[in-house]
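Here's the letter readout for the chains.
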Amino acid sequence: MEPLFYVMAIMGCADGNVQCTEARVVSVRYESMAQCRAALPTQLARNTDIDYPMIGAACQRKGTEFAKNLAKPPRG
């Protein structure tokens, strides 16, 4: 199973930033949501070739997340 990571989707939107559609996913994987969000301005600047009046981006969580087993020691 894959570990948890974050990817950025570049969105193409109609005028007024409505009716947005995912146009592509950036190939970079980020280890945290904060890293992904910090890269938003740079990735938006690199992806201006999308044929929409407006573009945007959204960070998305991908991969598999496992729950931690925090078993308590037996009482006794």
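Above this text is the structure in question.
Residues numbered from 1 in each chain as written. Predicted model: local features only at pLDDT ≥ 70, side-chain atom pairs only at ≥ 80, totals over all residues. Heavy atoms only, no water.

1. A closer look at the packing of aromatic side chains
Phase 1 of the analysis: Inspection of every chain in the model, using the stated rule, returns zero aromatic pairs.
Phase 2 of the analysis: The aromatic ring of Phe5 is capped on one face by Arg29, whose charged end is 3.9 Å from the ring centroid. (Phe/Tyr/Trp six-rings, centres within 6.5 Å; stacked < 30°, edge-to-face > 60°. Lys NZ or Arg CZ within 6 Å of the ring centre and 35° of its normal.)

2. A word on the state of the cysteines
Phase 1 of the analysis: Counting across every chain of the model gives two disulfides.
Phase 2 of the analysis: Disulfide partner of Cys13: Cys20, at an S-S distance of 2.1 Å. Handedness of the Cys13-Cys20 disulfide follows from its S-S torsion of about 110°: it is right-handed.
Phase 3 of the analysis: Taking the relative accessible area as the measure of exposure, Cys20 reaches 38% and is therefore partly exposed.
Phase 4 of the analysis: Bridging Cys36 to Cys59, the disulfide has an S-S length of 2.1 Å. Disulfide Cys36-Cys59: torsion about the S-S bond near -100°, hence left-handed. On the criterion of sequence distance, the pair formed by Cys36 in helix H1 (residues 33-38) and Cys59 in strand E3 (residues 54-62) is long-range, its members being 23 residues apart. Both residues of the pair, Cys36 and Cys59, count as buried.
Phase 5 of the analysis: Once the bonded cysteines of the protein chain are numbered in order along the sequence, the disulfide links fall as 1-2, 3-4. (Disulfide = S-S within 2.5 Å. Buried < 20%, exposed > 50% of the residue type's maximum accessible area, 1.4 Å probe, protein only. Helix = DSSP H or I, 4+ residues; strand = E, 2+ residues; numbered from the N terminus.)

3. Notes on the pattern of salt bridges
Phase 1 of the analysis: Evaluation of the coordinates by the stated rule reveals one salt bridge.
Phase 2 of the analysis: Two residues, Asp49 and Arg24, come together in a salt bridge whose shortest N-O distance is 2.9 Å. In this pair, Asp49 is assigned in the loop between helix H2 (40-46) and E3 and Arg24 in strand E2 (residues 18-25), connecting sequence segments 25 residues apart.
Phase 3 of the analysis: The exposed category is assigned to Asp49, whose relative accessible area is 56%.
Phase 4 of the analysis: Residue classification places Arg24 among the partly exposed positions, given a relative accessible area of 30%. (Salt bridge = Lys/Arg side-chain N within 4 Å of Asp/Glu carboxyl O.)

4. Some words on the pairing of strand E1 (residues 5-14)
Each regular strand carries side chains that alternate between the two faces of the sheet.
Phase 1 of the analysis: Where burial is concerned, most of E1 is hidden: nine out of the ten residues are buried.
Phase 2 of the analysis: Where E1 meets E2, five bridges bridge the pair, whose relative direction is antiparallel. Bridge pairing in E2 links Ala14 to Val18.
Phase 3 of the analysis: Between the antiparallel neighbours E1 and E2 lie three residues, among them Gly16 with a positive phi of about 80°. (Pairing = 2+ DSSP bridges.)

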